[in-house]
Amino acid sequence: MKLTLSILSCLTGLSTLAPMGWAATHEITTKNFHITLLGNGDGPADWMGTRDWSDDQIAAVTTTLNIWDDTFRNTASRKIEATISWGALEEGVLAGSFSNYVEYDGENYNAATSTEVIWKEGEDVVLEEGEMDFRLQFNPVYGFSTGNTTPQNATDFISVLLHEIGHNVGFNSLNDTGTYGEYYTIWDSLITDAQGNHPGDAGFNYQTGVSYTIGSGGLTVYNPFVFAPGSSMSHVDAASDPNALMQYSIGEGIQRRNPSDQEKALLAEMGWVLKDDPTYYASVDGASITDQIDLNFFTSVLVNRNMTIDPGEGATIVLPSLRGDKAEYNVTIHCGESADRQSLQHRHGLHLRRRGHRQ
Ligand SMILES: [Zn+2]
């Protein structure tokens, strides 16, 4: 059975009895998120939780948030505020994401989720009273598993949650009714028709059933002949990437616990700085770089996660051999033409970073 992951849906009230011994509202804070798990009866009327959360589910939420935390190097201006609850969703819909969009003056787009603005762009978005950066709901009708392996008769909770948060970090179209209006996201701006037009261009004429590419990595967008609100145009077409996290549906027993390599490449095109993109980072953790590095190819040197040194034009970085014991290195950085030197010690490897593609 294939079930749909939706980014939009209607809400109606639904009450279920919570199993004994489960916890009510919980707050989870990670590096970039402050999440409120609404328990049964908690939250505003439109978002009232209809079930409580088990310890295993609370732990799985933290695990999932950490996966996104560990995907990017971008520095958020503040934590992403969100609620997650169990609530009534349309039949066949496993979970839904409701994003807070804001106007944003992008190069070829004019709207973004507040999550993107806060985290990717590092700019603040002020929330109104009671507003959230996003609200997620899980459909309590379906059986979710939080185990390391997912039984054939259950849906993987972590995969679904990771997917729904994915809509907020950029996998989202503002063509959610079968037509484009005034606003376009950066995801929309990367969609291309056979003539090379993008949504927002005069020559772009949206039609259902047409295969549109997105980004430059060979992905296409899910766009069935019958427009599916909440699914069409905001998902990766499985035919272009069977490993995609952002497929519109997921089968029971299946785990997708990371964005795929192609999706990560697309996120980089959207402006995210990935932690593990070899295009951006020359890692010396593996002791493959032991000689002088031409910093003409890099605009900054990331010595550890908390320290960035800009050595300036024409600088070189001299690394000692990192073979053998890598517990502690000495790194000497020569800054430009000057004789300035800094000696740095760190314990967990060193990454070189460049801003933007050079090819
Ligand atoms: Zn989705």
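The paragraphs below set out a description of the structure included in this document. Quantities reported herein were computed from a predicted structural model and do not represent experimental measurements. (Residues numbered from 1 in each chain as written. Predicted model: local features only at pLDDT ≥ 70, side-chain atom pairs only at ≥ 80, totals over all residues. Heavy atoms only, no water.)

Here helix 1 (residues 55-69) crosses helix 3 (residues 157-169) at 45 degrees, and the two axes come no closer than 9 Å. With respect to helix 3, the axis of helix 1 lies oblique. The way helix 1 lies across helix 3 gives a crossing that is right-handed. Touching Gln-57, Ala-60, Val-61, Thr-63, Thr-64, Leu-65, Ile-67 and Trp-68 of helix 1 are Phe-157, Ile-158, Leu-161, Leu-162, Ile-165, Gly-166 and Val-169, all from helix 3. (Axes fitted to C-alpha atoms, helices over the stretch in contact; angles between N-to-C directions. Helix = DSSP H or I, 4+ residues; strand = E, 2+ residues; numbered from the N terminus. Parallel < 35°, antiparallel > 145°, perpendicular 65-115°, else oblique. Left-handed = near helix turned anticlockwise from the far one by under 90°. Contact = heavy atoms within 4.5 Å.)

All right, on to the pairing of strand 2 (residues 26-29) then. The two faces of a sheet get side chains in turn, since along a regular strand they alternate between them. Pairing between strand 2 and strand 3 (residues 33-37): 4 bridges, direction antiparallel. When the bridges of strand 3 are listed, Glu-27 appears paired with Thr-36. With antiparallel pairing between neighbouring strands as the criterion, strand 2 and strand 3 make up a hairpin whose turn holds 3 residues. (Pairing = 2+ DSSP bridges.)

Another point: the environment of Ile-191. Note that Ile-191 resides in strand 11 (residues 191-192). For the pair Ile-191 and Gly-215, spaced 24 residues apart in sequence, the C-alpha separation works out to 6.7 Å. Apart from the residues within four sequence positions on either side, Ile-191 is in contact with Tyr-180, Asn-197, His-198, Pro-199, Phe-204, Tyr-212, Thr-213, Ile-214, Val-221 and Met-233.

Take the coordination of the zinc ion next. Within the protein, His-163 (NE2), His-167 (NE2) and His-235 (NE2) serve as the donor atoms for the zinc ion, at 2.0 Å. Written as a sequence motif, the donor arrangement for the zinc ion is H-x3-H-x67-H. Separated by 72 residues along the polypeptide, His-163 in helix 3 and His-235 in the loop between strand 13 (219-220) and strand 14 (249-251) bring together distant segments of the chain. (Donors = N, O, S within 2.8 Å, 3.2 Å for Na, K, Ca; no water.)

In this section: helix 1. Compared with an ideal rise of 1.5 Å per residue, which puts 15 residues at 21 Å, helix 1 spans 21 Å between its outermost C-alpha atoms and is within 8% of the ideal. The inward-facing, buried residues of helix 1 abut strand 2, strand 3, strand 4 (80-86), helix 2 (114-120), helix 3 and helix 5 (261-269). (Expected span 1.5 Å × (residues − 1).)

Most of strand 3 sits out of view: 5 of its 5 residues are buried. Where burial is concerned, the two faces of strand 3 agree: the one with Phe-33, Ile-35 and Leu-37 and the one with His-34 and Thr-36 are both buried. Where strand 3 and strand 4 come together, 5 bridges link them in parallel fashion. Residue pairing in the sheet places Phe-33 in a bridge with Ile-80 of strand 4. (Buried < 20%, exposed > 50% of the residue type's maximum accessible area, 1.4 Å probe, protein only.)

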